[in-house]
Amino acid sequence: MDVVRIRMFYSTAAWGGQGQHFIKATFSRGLFSEDHHANTPACTLMETTDSFSGKLISVISFGSKNRTIGVAAKNQQITHANNTVSNFKRFHGRAFNDPFIQKEKGNLSYDLVPMKNGGVGIKVMYMDEEHLFSVEQITAMLLTKLKETAENNLKKPVTDCVISVPSFFTDAERRSVLDAAQIVGLNCLRLMNDMTAVALNYGIYKQDLPSLDEKPRIVVFVDMGHSAFQVSACAFNKGKLKVLGTAFDPFLGGKNFDEKLVEHFCAEFKTKYKLDAKSKIRALLRLYQECEKLKKLMSSNSTDLPLNIECFMNDKDVSGKMNRAQFEELCADLLQKIEAPLHSLLEQTQLRVEDVSAVEIVGGTTRIPAVKEKIARFFGKDISTTLNADEAVARGCALQCAILSPAFKVREFSITDAVPFPISLVWNHDSEDTEGVHEVFSRNHAAPFSKVLTFLRRGPFELEAFYSDPQGVPYPEAKIGRFVVQNVSAQKDGEKSRVKVKVRVNTHGIFTISTASMVEKVPTEENEVSSVETDMECPNQRPAENSDTEKNIQQDNSEAGTQPQVQTDGQQTSQSPPSPELTSEENKIPDADKVNEKKVDQPPEAKKPKIKVVNVELPIEANLVWQLGKDLLNMYIETEGKMIMQDKLEKERNDAKNAVEEYVYEFRDKLCGPYEKFICEQDHQNFLRLLTETENWLYEEGEDQAKQAYVDKLEELMKIGTPVKVRFQEAEERPKMFEELGQRLQHYAKIAADFRNNDEKYNHIDESEMKKVEKSVNEVMEWMNNLMNAQAKKSLDQDPVVRAQEIKAKIKELNNTCEPVVTQPKPKIESPKLERTPNGPNTDKKEEDLEGTENLGAEPPRQNGECYPHEKRPVNMDLD
């Protein structure tokens, strides 16, 4: 199952567990702080994944009134199996007739149907009507819940996020996830590969990485989650991370181990109890849950462990047992598959086992001892578990979010990802039916990355992008998309126009043709700047780019139909070396000295007009393999908004209903306890009867009423209950307030008596002021006595004569009148100055004369004739 954890502590999320992870979404506002990264709050992360103790499970259940997401939906998975959706991550960007979809369709409790656009639709009953939702909509529902939870914790809106996806996701799957985020109104700053996030979390904290001029440290990361197995090799230097390569088995994960157990016990129960668990979806779902629990227990226990399910089918109880050795034998073929991606990784990166400094494992399924042992045996070294297996990806996403945010100060750390699949372009020649093909991005090419291809064309042309190695892509369609460069025309002299096309793998790992421009030659006057000629001499000069390395590839098609010549200019990359057909344009530019020599022998040529080069932006029409149309996307956004509003209304309705139910139970208990004395017998019986009637109404006619009906019912109860509650509270608070008031009256009365007795403490107070105190004390005392006498005549079931709040106000009034008078300070008495005599200071002054004065800087007492360093000695002092 998919789980989300939200914690206001560092990364604020959890990832992993022996269940299916979905996507990790990091919202760029929240609480994020690391001692050596930033001291400012930032970054809340939310992630959908499985954990041994999760807070939010990415299961969505549809009801007659609203949607339920998380644990509540998980609890309905067995009782409402047809309307509870889970395990939908791998349906992104796939057509309904995809072989993978058709295979998975039989294992699901809900119905998959084709959409109008050929995609995967999920059919459920919602609001008592049949609804068809796309995978993007289902994911958007989960993101809505995550966004709402983040905003409730942060008390501010959340708009930006980082979402993590498996590294083997293709362009179609990645675009589908981005569409889901757009439906919710989230701006996805980056789609981050799972393994890149893990590597970032590992490297940014390391203090002992080699410097940039030293050999990098090679670390292999292994992640086995619920449905996939991923490995990557990364090179680390101080402040730098480079992904060298990735390998994976997208069909090997914890789910496969669960299925082995389910198949085993299905066969056992069929033989032992004559029960076919596969014939009833509810029984099968219960068996899956119990097998998952058993698998986790076997990870920490090697003894025989029982599996018991009560009332499994036909009111029969079933039981079984298994130990770790039997489990490993049962899953031997799955364990054998672990080595293939590891071999592939070393082959791609041309690394030896000895080159690997450490092997870090993450993901819930790596907790299985046999999986750990298999990985350790392959690399011939102990595996490392320094990373939090549940939170590694989430923490990496949080760090990426902080890096991208301008609000947080994070240690500089560059990240170079890798393209998981090689990508090629194919195009048609102008005058021929033959096609030209060029691999623009090889496997494990650095990303994000941009290249510029230059074509010579007289009219619009098409470019088709596709994966060069379809067998290595876990997706049935090798084509990425078809791009049409429009508005291309020949030059005025009839020559072909030079068209520059910029291809790019962006930060989301998605291939695109970002821009196209046509180079036009325009004659200019002689007084034009000479730099124009430079543009013509070096047409492939590389413009500066902010973040991506750029390559210029010159495509030249000759009229004779010869093989195109391709010019590669730029930084050296991990691409394969050019074929013999690839020639450098630099060789075609004549040497300047040779030109000068020729000019000596030749007659002077006529002056040619100078040419100005103008780049004209060209529109590009993209026809992608998978992309939601704008109209459809807007419809999804509108539908999600309506469902959010419906969920909000239903929540308010349920809250109103729960408030009535809570009031009934709470008051009925207290009427037979502390409130019993504060209501008369007749009212007591009537109120109890009304509470019972309300309770019966809630479970009968009031089971499904509008919000206002519950509000009215609560108000009806509170008309009777509130006075009783007030009497009880007043009986608790009133004596305390009277006691406090009495203490203040005694205090001020004593001060007034001391004043009349000529106490020195108060002889500085004016007599008229003190009379005000006495008058106020007498008035308040009379007020209090009258009210206390009146209250004493009242019974507890009658409304009080005076409220505690009124007594509190009287205390405040008394203090405001008396306190300024009785706290008047005595006037200060200036201390007389010390008289000096010829023989020293006069020490005969009595200490009583200085009473009442204060000298914070007083100096210690001195003997006759003694002086301090800053004083001058008397002239007539005897000297030895």
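Criteria and cut-off values
Residues numbered from 1 in each chain as written. Predicted model: local features only at pLDDT ≥ 70, side-chain atom pairs only at ≥ 80, totals over all residues. Heavy atoms only, no water. Helix = DSSP H or I, 4+ residues; strand = E, 2+ residues; numbered from the N terminus. Buried < 20%, exposed > 50% of the residue type's maximum accessible area, 1.4 Å probe, protein only. Contact = heavy atoms within 4.5 Å. Areas by Shrake-Rupley, 256 points an atom, 1.4 Å probe, with all protein chains shown as cover. Expected span 1.5 Å × (residues − 1). Core = buried A, V, L, I, M, F, W, Y, C linked by side-chain atoms within 4.5 Å. Domains from an automatic or database assignment. Polar contact = N/O pair within 3.5 Å; in protein donor to acceptor, adjacent residues only side chain to side chain. Pairing = 2+ DSSP bridges. Axes fitted to C-alpha atoms, helices over the stretch in contact; angles between N-to-C directions. Salt bridge = Lys/Arg side-chain N within 4 Å of Asp/Glu carboxyl O. Parallel < 35°, antiparallel > 145°, perpendicular 65-115°, else oblique. Left-handed = near helix turned anticlockwise from the far one by under 90°. Nonpolar A, V, L, I, M, F, W, Y, C, P; charged D, E, K, R; others polar. pLDDT = per-residue confidence, 0-100.

Caption draft 1: Spatial organisation of the overall build of the protein. What the protein contains, in helices and strands, is 19 helices and 33 strands. Counting over 880 residues, the protein shows a buried share of 46%. Put simply, 70% of the contacts in the protein that link residues at least 6 apart link residues at least 24 apart. Accessible surface, the protein as shown: approximately 45800 Å² in total, 48% of it carbon and sulfur.

Caption draft 2: Focus on helix α6 (residues 254-272). Taking 1.5 Å of rise per residue, 19 residues should cover 27 Å, and α6 covers 27 Å from first to last C-alpha, within 8% of that figure. For α6, every residue scored as buried is listed here: G254, N256, F257, D258, L261, V262, F265, C266 and F269. Looking one or two residues past α6, K274 carries a phi angle of roughly 60 degrees, positive in sign.

Caption draft 3: Looking closely at the nonpolar core. Among the nonpolar cores identified, the biggest contains 58 residues, and I423, L425, V501 and F511 are the most heavily contacted of them. The dominant element in this core, judged by the number of residues it contributes, is helix α4 (residues 171-184), at six residues. Formed jointly, this core draws a minimum of three residues from each of two domains, domain 1 (40-158) and domain 3 (421-522). Sequence-distant contacts of I423, that is, excluding residues within four places in its chain, are made with E439, V440, F441, F466, Y467, S468, I480, V505 and F511. If you look at the next biggest cluster of nonpolar residues, it comprises 51 residues, including L261, F265, M298 and I375.

Caption draft 4: Main features of the side chain of R727. Assignment of secondary structure puts R727 in helix α17 (residues 707-756). A polar side-chain atom of R727 sits 3.3 Å from the main-chain carbonyl oxygen of D797.

Caption draft 5: Focus on the sheet that holds strand β10 (residues 129-134). As summarised here, the arrangement of the three strands in space is β8-β9-β10, forming an open sheet in which the pairing is antiparallel. The open sheet is flanked by β8 (111-114) and β10, the only strands paired with a single partner. The mean inter-strand angle of the sheet, taken between neighbouring strand axes irrespective of direction, is 40 degrees. In this sheet, strand β9 (residues 120-126) lies alongside β8 in antiparallel orientation, the contact comprising four bridges. Paired with P114 across the strands is V120, a residue of β9. Docked against the sheet, helix α3 (residues 135-154) engages β9 and β10, running at close to 90 degrees with respect to β10.

Caption draft 6: Here's a closer look at the pairing of strand β16 (residues 305-313). The pairing of β16 with strand β17 (residues 316-322) spans six bridges and is classified as antiparallel. Across the sheet, I309 pairs through a bridge with V318, a residue of β17.

Caption draft 7: Spotlight on helix α16 (residues 681-699). Over its 19 residues, α16 runs 28 Å from end to end, which matches the ideal 27 Å to within 8%, given 1.5 Å per residue. When we look at burial in α16, the residues that qualify are H684, F687, L688, L690, L691, T694, E695, W697 and L698. Residues of α16 that are buried in the fold lie against α15 (630-671) and α17.

Caption draft 8: Expanded view of unusual backbone geometry. Here A447 and P448 are connected by a cis peptide whose omega angle stands at -5 degrees. Among the structural elements, P448 can be located in the loop between β22 (446-447) and β23 (449-457). One non-glycine residue, K155, lies in positive phi territory at about 60 degrees. Within the secondary structure, K155 is located in the loop between α3 and β11 (160-165). Judged by its relative accessible area of 69%, K155 is exposed. Positive phi is not limited to glycine here, since N487 has a value of about 60 degrees. As for its position among the elements, N487 is in the loop between β25 (479-485) and β26 (497-505). Note on N487: relative accessible area 54%, which makes it exposed.

Caption draft 9: Just the pairing of β26, in detail. Among the nine residues of β26, eight are classified as buried, and the element is accordingly described as predominantly covered. Relative to β26, β23 runs antiparallel, the two being bridged by nine bridges. From the neighbouring strand, F449 faces β26, where its bridge partner is V505.

Caption draft 10: Region of interest: the pattern of salt bridges. Applying the stated criterion to the full structure yields 35 salt bridges. One salt bridge in this structure joins K296 and E292, with 3.6 Å as the shortest N-O distance. One end of the pair is K296 and the other is E292, both in helix α7 (residues 281-300) and four residues apart, which spans about a single turn. Between D799 and R727 there is a salt bridge, with its nearest N and O atoms 3.0 Å apart. Residue D799 is found in the loop between α18 (767-792) and α19 (804-822), and its partner R727 is found in helix α17; the two are separated by 72 residues along the sequence.

Caption draft 11: Focus on the packing of α17 against α18. The interhelical angle for the contact between α17 and α18, taken along N-to-C directions, is 150 degrees, at an axis separation of 10 Å. As judged from the angle between their axes, α17 and α18 are roughly antiparallel. Crossing hand, α17 versus α18: left-handed. A breakdown of the residues in the contact of α17 with α18 according to their chemical character gives 17 nonpolar, two polar and five charged.

Caption draft 12: Focus on the environment of D333. Its place among the elements puts D333 in helix α9 (residues 332-336). Reaching out from D333, the side chain makes a polar contact with the side chain of K260 at a distance of 3.1 Å.

Caption draft 13: Highlighting the confidence of the model for the protein. Counting all residues, the mean pLDDT for the protein is 80, and 77% of those residues have values of 70 or more. Across residues 1-55, confidence stays below pLDDT 50; counting only partners more than four residues off in sequence or on other chains, it has 261 contacts. Under a pLDDT of 50 for its full length, residues 554-600 has, in the predicted model, 73 contacts with residues more than four places off or in other chains.

Caption draft 14: Just the sheet that holds strand β18 (residues 358-362), in detail. Reading across from one edge, β18-β13-β14-β15-β19-β22 is the order of the six strands in this open sheet, with mixed pairing throughout. Each edge of the open sheet carries a strand with a single partner, namely β18 and β22. One ladder, built from two bridges, connects strand β19 (residues 414-418) with β22; its direction is antiparallel. Within the sheet, the bridge partner assigned to A418 lies in β22 and is A446. Set on the sheet, helix α11 (residues 369-379) makes contact with β13 (217-224) and β18; between it and β18 the angle comes to about 160 degrees.

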